[in-house]
Amino acid sequence: MDANAILHMTPALVGMVAVGTTGWVITMWMRMRHGYPIENSWGRPMLPHGGGETIERVKLLAQENAQLRAEMGSLKDRMQVLERIAVDASNSGSRLAAEIDGLATKQIN
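Conventions and cut-offs
Residues numbered from 1 in each chain as written. Predicted model: local features only at pLDDT ≥ 70, side-chain atom pairs only at ≥ 80, totals over all residues. Heavy atoms only, no water. Helix = DSSP H or I, 4+ residues; strand = E, 2+ residues; numbered from the N terminus. Buried < 20%, exposed > 50% of the residue type's maximum accessible area, 1.4 Å probe, protein only. Areas by Shrake-Rupley, 256 points an atom, 1.4 Å probe, with all protein chains shown as cover. Expected span 1.5 Å × (residues − 1). Bend = angle between axes of the 7 residues up to and from the residue.

Colleague: Looking at this model, I keep getting lost on the overall build of the chain. Mind explaining?
Modeller: Across its full length, the chain carries three helices and zero strands. Reading the secondary structure of the chain in the N-to-C direction produces α-α-α. Going through the 109 residues of the chain one by one, you find that 2% of them count as buried. Entry remark: accessible area of the chain is about 10000 Å², with carbon and sulfur atoms responsible for 64%.

Shown next as structure tokens:
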């Protein structure tokens with residue numbers, strides 16, 4: 001190749017490398033931002049290699065997450081019951097008071 005041709009192609013090659021690198025950086029940033037796993041050039045996920053301690057920590061966190069999700073589910077159920085009681089009480093407070101008084105008199109008799 002002629003040295004003059006190389007000089008004419010250099011800006012185009014530098015531009016292509018810059019565009020490719022910028023695209024890769026933006027893609028990785030978007031993947032990290034949205035929680036997708038980062039992959040290497042072969043398509044395999046890149047995981048931190050911290051040994052057994054990291055794996056145990058991940059297992060414990062997964063177990064704690066499952067427990068917290070179960071607790072959150074039960075709290076949601078309790079909240080629905082409380083909301084229903086509050087709505088019933090505000091719509092027919094006298095009916096609720098009458099039912100409570102009825103239950104109180106049944107216990108006395």
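Colleague: Just to check I follow, could you spell out helix α1 (residues 3–33) for this structure?
Modeller: An α-helical segment advances 3.6 residues per turn. Residues three or four places apart therefore align on the same side. Along its 31 residues, α1 runs 45 Å from first to last C-alpha, staying within 8% of the 45 Å computed at 1.5 Å per residue. A bend of about 35 degrees at Met 9 is the largest found in α1, and the proline Pro 11 appears one to four places after it. Two residues or fewer past α1, Gly 35 is found with a positive phi of approximately 85 degrees.

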